Amino acid sequence: MPFSRITLRQGYSETQLQKISDILHQSLTEEFDVPPDDRFQVIETLPARQRIFDRSYQSGERSDNFILFQIIAGKPRSAGQKQSFYHVLSERLNRGLNIHPDDVMVIIQFNNAADWSFSNGRMYCPG
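Thresholds applied
Residues numbered from 1 in each chain as written. Predicted model: local features only at pLDDT ≥ 70, side-chain atom pairs only at ≥ 80, totals over all residues. Heavy atoms only, no water. Pairing = 2+ DSSP bridges. Helix = DSSP H or I, 4+ residues; strand = E, 2+ residues; numbered from the N terminus. Axes fitted to C-alpha atoms, helices over the stretch in contact; angles between N-to-C directions. Contact = heavy atoms within 4.5 Å. Expected span 1.5 Å × (residues − 1). Buried < 20%, exposed > 50% of the residue type's maximum accessible area, 1.4 Å probe, protein only.

Peer 1: Account for the sheet that holds strand E4 (residues 104–110), naming residues and giving values.
Peer 2: Here we have four strands laid out as an open sheet, ordered E2-E1-E3-E4, and mixed in their pairing. Looking at the sheet topology across the chains shown, the edges are occupied by strand E2 (41–46) and E4. Ignoring which end each strand starts from, the neighbouring axes of this sheet average 15 degrees apart. The sheet strands contacting helix H1 (residues 14–31) are strand E1 (3–9), E2 and strand E3 (67–73), and the helix crosses E1 at an angle near 145 degrees. Packing against the sheet, helix H2 (residues 79–97) makes contact with E3 and E4, and its axis sits at approximately 145 degrees to E4.

Next comes the structure, spelled out in structure tokens:
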């Protein structure tokens, strides 16, 4: 039950934004054991002045194509699952949209079922 926020530059087409969304979701389902119908994302495009980032911190050289993926997930994943997810996401973005892996940053946070309410004011209680 992840929730993802994708923050990137302005100027991507609707088709490109959909492809980024699809690549993220495919990577989550295949590498993070997320059900196919569990898709909650916000795509946020911002002008350059509202995206402040270091171009080389812990990376090669970030460009204006820098994308930040913030993922809140309901159950912990192993270090191996996380590493595989990071790698697969970066590779697919590179192949599908020519987004360099240096431009892909991912932050994952975990919480528990009681931290989610999907609707009607009810706390999520997995069966």
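Further notes follow.
Peer 1: Tell me what's going on with H1, and back it up with residues and numbers.
Peer 2: Across its 18 residues, H1 extends 25 Å between first and last C-alpha, which sits within 8% of the 26 Å expected from 1.5 Å per residue. Listed in full, the buried residues belonging to H1 are Leu17, Ile20, Ser21, Ile23, Leu24, His25, Ser27 and Leu28. In this fold, the buried residues of H1 make contact with E1, E2, E3 and H2. Positioned one or two residues after H1, aspartate 33 has a phi angle of 60 degrees, which is positive.

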